Amino acid sequence: MTLKVAFHYLFVFLLTSIIYLIISFTNSEMMFNVIQILLYVGIFLGLYHFEIGIRKNTIKNEMKEQLSDKYFLFSFLFSGILFLFLIVGFKSPIAYVNGSFNIGSILMYIYRNLIFAAFVEEFIFRNCYLKELSKKHSFFVSSIIVGFLWIFLHLPSYIFQNFTINDIIIDLFIGTIKGIVLAYTMKLLNNVFINTLFHFNMGYTSNIGFVFLLPIIFLKLNKKVFDNKQITQRNI
C-alpha cells in the first residue's frame, strides 16, 4: 500500500468513526440523514482532491466520456426499471411506509444510497485507490486490499448497529469478495458510473443485483473482442 492511500484512508476512517459516534448520541432520523450526507460530502471533497493530485488534467474529460458511454446509458435505464419493478412490485419498505406508497422514501433512498454512498465509495475505492495501488502491486492483490479497505470502512456502522463479532467477521469476508468483484467490473468496463450502478443494485437486491447487469459486461467484452479482430485484420 502506498503512503498516500494509507494516510488518506486513515483520514476517511477516522471521519467515519467520529460521525457515527455523533449519531449514537441522537435518536433523530433527520439528524442521522443530515450527518450521513455531510460525511459523504466531506469524503468526496477529500477524494476529489486526492484524484486531482493523481490525474489533474484528465479527470474531467474522463468523467464526461464515462457519462456519455452508451453502456452507461443502457445500464442506467435498465437499473432504473429494475429498481422500480422490484421495490414497487414486491412492496419493499423502500417504497412503502406504514403500508402506504411513499415517493419521498424512494427519493431519499436513492439520494443516500446511490448518489452519496455508492458513487462516493466507487469513486474513492475503485476509481482512486485501486488505480494508485495497481502501480505498485498486481491487480489481483490490489483488488483484495481495496476490497478489504472498502468493507472495513463500514466497521463503525456495524458497531453502531450492535453487530456480533461473528456477524462482523462474516460481513468483512463477504464484503471483501464483493469488493474484488467490483474491482474487476471496474477493470473490464472502465466506468465508475456503471460500477456505481452495480454497487447500488447489490444493496437493494441482497448482494445479487450485479447478476442483472452481467449482460452489460458481456456486450462490452464482445465489443472489445470485435474491435481487436478488426484491428488485427487491418494489420494483415
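Since the structure is predicted, the reported quantities are computational estimates derived from the model, not experimental observations.

### So, the overall build of the protein chain
Part 1 of the reasoning: Tallying secondary structure elements over the protein chain gives ten helices and two strands in all.
Part 2 of the reasoning: Ordered by position in the sequence, the α and β elements of the protein chain form the string α-α-α-α-β-β-α-α-α-α-α-α.
Part 3 of the reasoning: The 236 residues of the protein chain split such that 43% are buried.
Part 4 of the reasoning: Sequence-distant contacts in the protein chain: of pairs separated by 6 or more residues, those separated by 24 or more amount to 72%.
Part 5 of the reasoning: With the model as given, the accessible surface of the protein chain reaches about 13200 Å², and the carbon-plus-sulfur share is 70%.

### Considerations on the nonpolar core
Part 1 of the reasoning: Tyr9, Phe83, Phe125 and Tyr129 are the most contacted members of the largest nonpolar core, which totals 46 residues.
Part 2 of the reasoning: When near neighbours in sequence (up to four residues on either side) are disregarded, Phe125 contacts Tyr9, Leu130, Val146, Leu149, Trp150 and Leu153.

### A look at the packing of helix H5 (residues 103–133) against helix H8 (residues 165–189)
Part 1 of the reasoning: Between H5 and H8, the shortest axis-to-axis distance is 11 Å and the interhelical angle comes to 70°. Looking at the two axes, H5 sits roughly perpendicular to H8. Between H5 and H8, the residues in contact are Glu122, Arg126, Asn127, Leu130 and Lys131 and Gly179, Leu182, Ala183 and Met186, respectively.

### Structural notes on the confidence of the model for the protein chain
Part 1 of the reasoning: This prediction gives the protein chain a mean pLDDT of 78; 71% of its residues lie at or above 70.
Part 2 of the reasoning: Throughout residues 229–234 the model reports pLDDT below 50, and contacts reaching past four residues in sequence, or to other chains, amount to zero contacts.

### Side note on the pattern of salt bridges
Part 1 of the reasoning: Scanning all chains against the criterion turns up two salt bridges.
Part 2 of the reasoning: One salt bridge in this structure joins Glu122 and Arg126, with 2.7 Å as the shortest N-O distance. One end of the pair is Glu122 and the other is Arg126, both in helix H5 and four residues apart, which spans about a single turn. Accessibility classification places Glu122 together with Arg126 in one group, the buried group.
Part 3 of the reasoning: In this structure, Glu132 engages Lys135 in a salt bridge whose closest nitrogen and oxygen atoms are separated by 3.3 Å.

Cut-offs used in this document
- Residues numbered from 1 in each chain as written.
- Predicted model: local features only at pLDDT ≥ 70, side-chain atom pairs only at ≥ 80, totals over all residues.
- Heavy atoms only, no water.
- Helix = DSSP H or I, 4+ residues; strand = E, 2+ residues; numbered from the N terminus.
- Buried < 20%, exposed > 50% of the residue type's maximum accessible area, 1.4 Å probe, protein only.
- Contact = heavy atoms within 4.5 Å.
- Areas by Shrake-Rupley, 256 points an atom, 1.4 Å probe, with all protein chains shown as cover.
- Core = buried A, V, L, I, M, F, W, Y, C linked by side-chain atoms within 4.5 Å.
- Axes fitted to C-alpha atoms, helices over the stretch in contact; angles between N-to-C directions.
- Parallel < 35°, antiparallel > 145°, perpendicular 65-115°, else oblique.
- pLDDT = per-residue confidence, 0-100.
- Salt bridge = Lys/Arg side-chain N within 4 Å of Asp/Glu carboxyl O.

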